[in-house]
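Examining the three-dimensional arrangement
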Amino acid sequence: MTMNIIKKYWHLLIAAGIFIVEAVVFLVLRENIYVGILDNLDLFITQLKMLRDNDAFFAHGQMMPILRSIDRNYFPSEFSLYNILFFLLPDLYAYIVGYLLKLLMAFFSCILLAKLILQDKYANYSKIVTLVSIAFALLPVYPMYALCFASIPFVLYLFIRLYREPRWWLYVLLFFYPLVSYFTFFGAFILGYVLIAAVILAIRDKKVPWRLLGGFVVLMAGFVCFEYRLFGIMLFSDVATIRESMVTASLGFGGLLGSFWEAFWYGVIHAQPVHAYFVLPLCVAYFVWINVNYIRKRQARRIIRDPFNLTILFIIFNCAVYALYFWEPLRNLVEIVLPPLKGFQYNRTVYFNTFAWYFAFFFVLRAVYQKKKLFAYLCGLIAILVVGARQTEFSDFYNTVYCNLYKAVKHTQTNQLSYGEFYGEVLMEQIKADIDYRPEQGACAYGFHPAMLSYNGITTIDGYCGYYSQEYKEAFREVIAPTLERNDYWREYYDEWACRAYLFSASGVNTYNFGANADSSPQEIMIDTAALKSLGCDYIFSRTEISNADKMQLIFVKEYRIEEIPYGVYLYRL
């Protein structure tokens, strides 16, 4: 009986086993999990915790204690399923639940779409659908928008179902879909794809696909309603932001080809399909095989109709848009025709390739399955192993298991910081109690991410934020001008981007992006102390001793260290 169950449901048992194991590991280790820092711990996790700590999730007109003081509207929307988790739960548990929810949403979205497309044939291919769905669910994508990635098959399901068989509840689901998406990362492109599909279908069917256009309008309305703060800033705010002074890299022909190839082969750091060493070669081989067969059989017309070929074409299109974003003449034209898109990264089309590669991979497995079932299953299992064993910035489960096993076996830790170590809550609370810290006192970080202070309720004069006023950018530039004058790299980094308003190292070394074994030798700091003080800064929290503190008119207060945290804090007062 047991063997029959295993034989029949082994694919679902694998899916359930992976989910249970990952859930147990994260919930047992908690603050000892190792997750991505880039654009994650150093940005959105801190912002969401700040919203909760300051009762500002649903607030209007409230200023947040970062970059001296910025409007709450520049922070993430309250009407997002992922963000709501941080309103309901402590940040660590919200992060873990969000990660697990992404696994479930990605898996079941794929199953739902497959049932719609395959219909009566689904039962025959259910096992390979499950394996491909697991691989897609495990992809190491940007945690803040992991639900956006995971829900791509679901929104595709909604529009296909709407086109085939319209129902009122499909429009309702489309309206609420923005709860698991984000307009500037995904929504704008989904809407664009829908319009392209509507044009193609109108030409093919010789009639306007009103159902799709109706879905377009409803989905757009949903984004406007749920992300009203974003649209208010983009369309109605008269405050000049750093977006207007951002400078995007401009590449020549060789650089554009390189960008295209990188996007096609590897993806980008926030959206990695982890396909280069297994899924992609199989897809390329299958692409050659089916199209050679079409030509040999004199069925060339089927080449442009084959769903696998269309999927590969979609992938190529997304990579081309990604690369062409760095072609300055085209970018200037877009910004002239559509001024609100100035500073908008419309090359995020490449994000959709995370799902597209595994959609294409299913066609490969289906063809293999028709010849040799066991080999198709083996390919699906290998794809899962390749994804699960790939180390990237956002491979949270892999990094957590590796770092904790390394510590247990080697009795020392890797150079990565755990969730708890990164924020150093116990250490920061000790410092705050020692100096009787008050929220009206401003501070800056040196050799740290300012998010490490913000997370612990310290008002920061510096910070990381994708939107803030150009006026404050210029004011903070006066503070770090001595460093920018000395170092061309930091000058270009700040003047042409400035999302990170940090006290950069005078040596030019990136000291804030540090690991557990980072060098803590004394560092020189070059700042305009008077300009920093005029912004309201009272303290500098430094990871290293500041060798020229006296020259910079900084008063050393105390060095703080605790055994649980692999770094110390040198506190200085202005």
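Bear in mind the structure is a predicted one, so any value in this text is a computation, not a measurement. (Residues numbered from 1 in each chain as written. Predicted model: local features only at pLDDT ≥ 70, side-chain atom pairs only at ≥ 80, totals over all residues. Heavy atoms only, no water.)

Let's talk about a negative patch on the surface
Judged by side-chain charge, Glu471, Glu474, Glu478 and Asp528 come together as a negatively charged surface patch. As for its position among the elements, Glu471 is in helix H23 (residues 470-486). For Glu471, a relative accessible area of 65% corresponds to the exposed category. (Patch = residues over 30% accessible without salt bridge, like charges linked within 9 Å, V, L, I, M, F, W, Y side chains within 5 Å. Areas by Shrake-Rupley, 256 points an atom, 1.4 Å probe, with all protein chains shown as cover. Salt bridge = Lys/Arg side-chain N within 4 Å of Asp/Glu carboxyl O. Lys, Arg positive; Asp, Glu negative; His and termini not counted. Charge placed at Lys NZ, Arg CZ, Asp CG, Glu CD. Helix = DSSP H or I, 4+ residues; strand = E, 2+ residues; numbered from the N terminus. Buried < 20%, exposed > 50% of the residue type's maximum accessible area, 1.4 Å probe, protein only.)

Some words on the pattern of salt bridges
Per the counting criterion, the structure on display carries 14 salt bridges. Between Glu78 and Arg229 there is a salt bridge; the shortest N-O distance is 2.9 Å. With Glu78 in the loop between strand E2 (70-71) and helix H4 (81-88) and Arg229 in helix H12 (residues 228-236), the pair connects residues that are 151 residues apart, well separated along the chain. For the pair shown, Glu78 and Arg229 are each scored as buried. As a salt-bridge pair, Arg204 and Asp205 come within 2.8 Å of each other at their nearest N and O atoms.

Structural notes on the packing of aromatic side chains
Under the definition given, this model contains 78 aromatic pairs. For the ring pair Phe26 and Tyr99, a centre distance of 4.8 Å and an interplane angle of 65 degrees mean the geometry is edge-to-face. A residue pair is termed long-range when its members are at least 10 positions apart, and Phe26 in helix H1 (residues 2-29) and Tyr99 in helix H5 (residues 91-118) qualify at 73 residues. With relative accessibility at 2%, the residue Phe26 sits in the buried group. Here Phe136 and Phe355 contribute two aromatic rings whose centre-to-centre distance is 5.4 Å and whose plane-to-plane angle is 70 degrees, an arrangement assigned as edge-to-face. (Phe/Tyr/Trp six-rings, centres within 6.5 Å; stacked < 30°, edge-to-face > 60°.)

Digging into the layout of surface pockets
Counted as a void, the second largest pocket has a volume near 1700 Å³. Contributing to the lining of the second largest pocket are 31 residues, with Leu156, Ile160, Ala197, Leu310 and Phe359 lying nearest its centre. For the lining of the second largest pocket, the secondary structure elements donating two or more residues are helix H8 (152-164), helix H10 (183-205), helix H15 (307-324) and helix H17 (353-371). Tallied by class, residues from the lining of the second largest pocket come to 26 nonpolar, one polar and four charged. (1 Å grid on protein atoms, 1.4 Å probe; cavity = no way out; pocket = protein on both sides within 12 Å on 5 of 7 lines; lining within 4 Å. Points joined across faces, edges and corners; volume = space filled by probe spheres on them. Nonpolar A, V, L, I, M, F, W, Y, C, P; charged D, E, K, R; others polar.)

Structural notes on the nonpolar core
Phe186, Tyr358, Tyr419, Tyr468, Leu503, Ile540 and Phe541 are the most contacted members of the largest nonpolar core, which has 197 residues in total. In terms of residue count, the dominant contributor to this core is H5 (16 residues). Excluding its chain neighbours within four sequence positions, the residues that come into contact with Tyr358 are Val132, Ala135, Phe136, Leu139, Pro273, Val274, His275, Val279 and Val387. (Core = buried A, V, L, I, M, F, W, Y, C linked by side-chain atoms within 4.5 Å. Contact = heavy atoms within 4.5 Å.)

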